[in-house]
Every structure is written in structure tokens, then in C-alpha cells.
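Each chain, letter by letter, is given below.
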Amino acid sequence: MAISVLDADLAARFAGLALGHVEQEFPNKMDHVLTGPGDAQTPSALHPIFYGSFDWHSCVHGYWTLARLYRMHPNHAKAAMTRALFERQFTAEKIGAEVAYVRRPSSRGFERPYGWGWLVALQAELARHETPEGRSWAAAMAPLAEAFAERFKAFLPIAHYPVRAGVHSNTAFALALAIDYARRCGDAELETLIMATARRWYTADRDCQAWEPSGDDFLSPALMEAECMRRCLDGPAFADWFSGFLPRLADQSPASLFTPASVSDRSDGKIAHLDGLNLSRGWCWLTLATTLAVGDPRRRVCEAAAEKHLAAGLPHVSGDYMGEHWLASFALLALTEV
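Here the structure is a predicted model, which is why all the values come from computation and not from measurement.

Novice: Would you take a moment to explain the layout of surface pockets for this structure?
Specialist: Rolled over the atoms, a probe with the dimensions of a water molecule shows which regions are left empty. In this model, the largest pocket occupies a volume close to 430 Å³. The element best represented in the lining of the largest pocket is helix 3 (residues 56–72), accounting for 3 residues. Partitioned by chemical class, the residues of the lining of the largest pocket number 8 nonpolar, 9 polar and 6 charged. In this structure, the second largest pocket encloses a volume near 190 Å³. As for the second largest pocket, its lining consists of R164, D205, C208, Q209, A210, W211, E212, P221, A222, E225 and F245. Here the residues of the lining of the second largest pocket are counted per class, giving 6 nonpolar, 1 polar and 4 charged.

Novice: How should I be thinking about the packing of aromatic side chains in this particular structure?
Specialist: Geometry of an aromatic ring pair is reported as the spacing of the ring centres plus the angle between the planes. In total, this model carries 27 aromatic pairs according to the counting rule given. Ring geometry for F50 and Y63: centres 5.3 Å apart, planes at 90°, overall edge-to-face. Of the two residues, F50 sits in the loop between helix 2 (43–46) and helix 3 while Y63 sits in helix 3, which places them 13 residues apart along the sequence. Exposure class is identical for F50 and Y63. Each is buried. Look at F173 and F330: their rings are 6.0 Å apart centre to centre, the planes differ by 10°, and that puts the pair in the stacked class. Of the two residues, F173 sits in helix 8 (residues 171–184) while F330 sits in helix 15 (residues 327–336), which places them 157 residues apart along the sequence. Each member of the pair F173 and F330 is classed as buried. The rings of F50, W56, Y63, Y70, F86, F90, Y101, F110, W137 and F148 are connected pair by pair, giving a single aromatic cluster.

Analysis parameters
- Each residue is numbered by its place in its chain's sequence as written, counting from 1.
- Since the coordinates come from a predicted model, pLDDT governs what is reported: local features require at least 70, and pairs of side-chain atoms require 80 or more to be given and counted, while whole-chain, interface and lining totals use all residues.
- Note that the side-chain values use all heavy atoms of the structure and ignore hydrogens as well as water.
- Only protein atoms enter the calculation, which uses a 1 Å grid: trapped sets of points that fit a 1.4 Å probe without letting it out are cavities, open sets showing protein on both sides within 12 Å along at least five of seven lines are pockets, and any residue with an atom within 4 Å of a point is a lining residue.
- Grid points are joined across faces, edges and corners, and a volume is the space filled by probe spheres set on the points.
- Here a helix means four or more residues in a row that DSSP labels H or I, a strand means two or more in a row labelled E, and each is numbered from the N terminus.
- As a working rule, the residues Ala, Val, Leu, Ile, Met, Phe, Trp, Tyr, Cys and Pro are called nonpolar, Asp, Glu, Lys and Arg charged, and the rest polar, with Gly in that last group.
- Aromatic pairing here means that ring centres of Phe, Tyr or Trp (its six-membered ring) are within 6.5 Å. Orientation follows from the plane angle: under 30 degrees is stacked, over 60 is edge-to-face, and everything else is tilted.
- The cut-offs for exposure are 20% and 50% of the maximum accessible area for each residue type, with area from a 1.4 Å probe on protein chains only; residues under the lower value are buried, those over the upper are exposed, and the others partly exposed.

Right, here's the structure in full:
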């Protein structure tokens with residue numbers, strides 16, 4: 001298949017999906033520690049902005065989806081609805097309540113590291129906006145982003161080991177999003193820390209065996225690590241590392257990385273993760289291809305793998321709420337991050 005182009009019609013479709021769930025409070029799977037009876041509250045009472053989309057992190061990247069679509073296609077058919085939502089939600093009072101929740105002693109591990117990465121990614125996206133309203137939204141959201149940036153700064157020095165899972169705990173994915181925020185928003189301390197951490201965790205990795213996918217992966221541990229290192233190493237250093245990490249890439253080995261995942265039941269939230277795996281693999285293969293010379297045979301291998309995975313994932317962005325509340329974000333990464 002030809003990889004889809006994000007035109008105004010597709011932007012409106014994806015925006016419609018996100019608008020349909022970011023304010024849908026239930027069903028809701030919460031990451032919430034109760035320290036007493038008073039902590040038993042509804043999602044919207046605890047999170048006046050990010051209470052929808054089944055869970056907090058999906059709501060955050062639902063807003064990221066809307067922000068990116070608004071920037072790239074400001075006149076798409078759902079743009080006015082997006083603008084009204086952001087004006088209604090991105091208020092000092094509501095953002096202050098989200099910050100206060102993060103600062104609860106019992107919230108130390110809240111959404112670590114996946115939600116952390118997406119929240120700062122939302123801020124990085126807002127910081128790209130050049131419209132008056134976009135600049136206003138970025139300024140309003142800055143205190144919450146800074147609170148999560150501080151979380152990264154406190155956590156990474158004590159995190160002796162990476163997490164190589166294919167789900168929310170994956171550390172490479174969070175670092176990849178967070179370094180973009182650090183660069184876009186001028187947090188040099190965080191950028192330096194992320195680069196040092198990625199090198200500490202992953203530099204020695206060679207000859208990746210890629211024992212994946214697991215049954216509920218939505219990230220490729222192998223490819224996500226490579227994407228993280230692409231962002232954290234300069235060109236020659238990454239080229240050397242990547243050649244050692246996937247030394248048989250030209251032969252499409254390990255074969256598991258080149259075979260899209262099969263999804264048996266899209267109404268099962270965990271199994272539906274595998275649609276996200278196909279989309280996120282497609283995204284990684286596309287970005288990794290850009291690091292290789294046009295005449296390098298590995299480049300076409302990467303591009304073909306991206307096409308195959310996106311062909312498997314893009315038709316299923318909508319259809320069942322278990323995927324529909326989050327998959328458009330991963331489709332958008334693949335369509336806009338190259």
C-alpha cells in the first residue's frame with residue numbers, strides 16, 4: 001500500500017475520533033492510590049482536564065492528537081471544536097488541579113513513565129504552534145509540563161536499569177518523547193540527563209534477538225530502543241550503534257520485526273494493543289529509514305517493513321472503543337514524525 005497522507009479530510013476524521021472520547025468519562029481505568037476514604041473520587045473530580053478516553057494517559061495523547069492536527073491543518077472540519085475544547089479546558093484553575101494531583105505524595109509513581117512522556121509531548125506540540133491561541137495554550141500548560149519534567153529529573157538518576165517491555169513501562173518510548181520536549185522547550189538540563197541515561201542504558205546493546213511480540217505489546221522493545229537512540233546520538237555514533245544492534249537488518253532478521261502482529265479480538269483491550277504495535281513499528285521503521293543513505297539496501301528494507309505494518313494497522317484505528325480511544329495517536333506519529 002501507499003502510506004497515507006495526512007490531508008485535511010483525514011485530519012478531520014482523526015480529530016473527530018479524539019473529540020469523541022477525551023470528554024467521555026466512563027468506562028475509566030484509573031491509576032490512583034487511595035490513602036483514605038476521601039480519595040475515593042470520580043476521574044473528573046481528580047483530573048478536571050484528563051478524565052476521559054478510558055485512562056489518563058490516553059486522554060493526554062488524545063489532546064496531543066488534537067493539538068497536532070490543529071497545527072498542521074488549522075482549517076479542518078473539526079478545528080473549531082478543537083479550539084473551543086482547548087479554551088474550555090486549558091484554564092489556570094484546571095491545570096492547577098492537575099499539578100496538585102501530581103504533587104500528592106502518593107502520586108510519585110503516577111503514570112511513570114508513559115504518561116510522563118505523553119504529557120511533555122503535548123507541551124512540545126503546543127510549543128510548536130505559532131497562532132495566538134496556540135501560544136496561549138502552551139503558556140497555560142507549561143506548569144504541568146514542568147512538573148513532569150521535574151519528575152524525570154528526579155527519577156532517571158536512580159533508575160539503574162531500563163524497562164524493555166512492549167507496554168506502558170517501556171523507558172525508551174518515554175525518553176524519546178521527553179527529549180523532544182527538552183529541546184523544543186529549552187530544558188537543557190533534562191536534555192543532557194536524557195542523553196546520558198539513554199547511553200547508559202542502551203549503548204552496549206548488540207545483536208538484538210527481538211523476542212517479540214508479547215501478547216499485549218503496543219511498542220516494539222527493539223525498534224523503540226533504536227528510535228530512542230536515534231534521537232540521543234549524533235549521526236555517525238548512531239550509525240555505528242544501529243549497525244551493531246541490528247547487524248542482519250538487510251536480510252530482514254530478526255524475522256519477528258518484519259511480520260505484523262495478528263489481532264484476534266479487537267474488543268479485548270489488551271489484545272487490541274497489537275494494532276498499536278503495528279502502527280508504532282511502522283512509525284519506527286519510517287524514522288529509522290531516514291538515517292540510511294538512499295542507496296543503502298537497508299533503507300528499502302525499512303521502508304517496506306513500514307508499509308507492511310501500516311497496512312495492517314491503519315484500517316483499525318476506529319471500530320471498537322478499546323482501540324478507538326487511543327490508536328489515532330499512534331497512526332499520527334507514523335504519518336507526521338518523518
